[in-house]
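# Observations on the three-dimensional arrangement
Residue-level listing of the chains:
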Amino acid sequence: MNATDDRETTIPAGRDAEFTGLIRCKRCNLSYTPSKSTSALRLTYCSFLCELGDLGFSMQGLEHMERVKKTDEQPKETVRAGTE
């Protein structure tokens, strides 16, 4: 069984119906309820920290990113030692 199958498998219901929606986090492999996840990718990560740790950035941060405007300056030519 690979990691993707593991995370998509729900935990069998016991006495409490609350546990029927638990899935496993892709990063830490802990069971969690997607509706209580702080991650933007609720069906993949249990928290914002797991999302950030696995991707290296958060989806919400990526959505709010702004492009840096280019300046009109031309890059200066580099001069190598010993060449003329």
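The model shown is predicted, which means the values in this text are computed figures rather than measured ones. (Residues numbered from 1 in each chain as written. Predicted model: local features only at pLDDT ≥ 70, side-chain atom pairs only at ≥ 80, totals over all residues. Heavy atoms only, no water.)

## Quick notes on the overall build of the protein chain
Per the secondary structure count, the protein chain includes three helices and two strands. The order of helices and strands in the protein chain, counted from the N terminus, is α-β-β-α-α. Out of the 84 residues belonging to the protein chain, those deemed buried represent 18%. Partitioning the intrachain contacts of the protein chain with sequence separation of at least 6 by distance along the chain shows that 7% fall at a separation of at least 24. Total accessible area computed for the protein chain in this model is approximately 7,500 Å², and 52% of it derives from carbon and sulfur atoms. (Helix = DSSP H or I, 4+ residues; strand = E, 2+ residues; numbered from the N terminus. Buried < 20%, exposed > 50% of the residue type's maximum accessible area, 1.4 Å probe, protein only. Contact = heavy atoms within 4.5 Å. Areas by Shrake-Rupley, 256 points an atom, 1.4 Å probe, with all protein chains shown as cover.)

## Concerning the side chain of serine 37
Relative to the assigned elements, serine 37 resides in the loop between strand E2 (31-32) and helix H2 (48-55). Owing to a relative accessible area of 3%, serine 37 belongs among the buried residues under this scheme. At 3.1 Å, the side chain of serine 37 forms a polar contact with the backbone nitrogen of serine 39. In contact with serine 37, not counting residues within four places along its chain, are Tyr32, Arg42, Tyr45, Cys46 and Ser47. (Polar contact = N/O pair within 3.5 Å; in protein donor to acceptor, adjacent residues only side chain to side chain.)

## Let's talk about the confidence of the model for the protein chain
One rule of thumb: low pLDDT means the predicted coordinates there are not for detailed reading. On average, residues of the protein chain score 75 in pLDDT, and 63% of them are at 70 or above. Per-element confidence in the protein chain is highest for E2, whose mean pLDDT is 93, and lowest for helix H1 (residues 3-8), whose mean pLDDT is 53. (pLDDT = per-residue confidence, 0-100.)

## What to know about the environment of serine 47
If you trace the backbone, serine 47 turns up in the loop between E2 and H2. Here the alpha-carbon distance between serine 47 and cysteine 28, two residues 19 residues apart in the chain, equals 9.9 Å. Once residues within four sequence positions are removed from consideration, serine 47 is found in contact with Ser37, Thr38 and Ser39.

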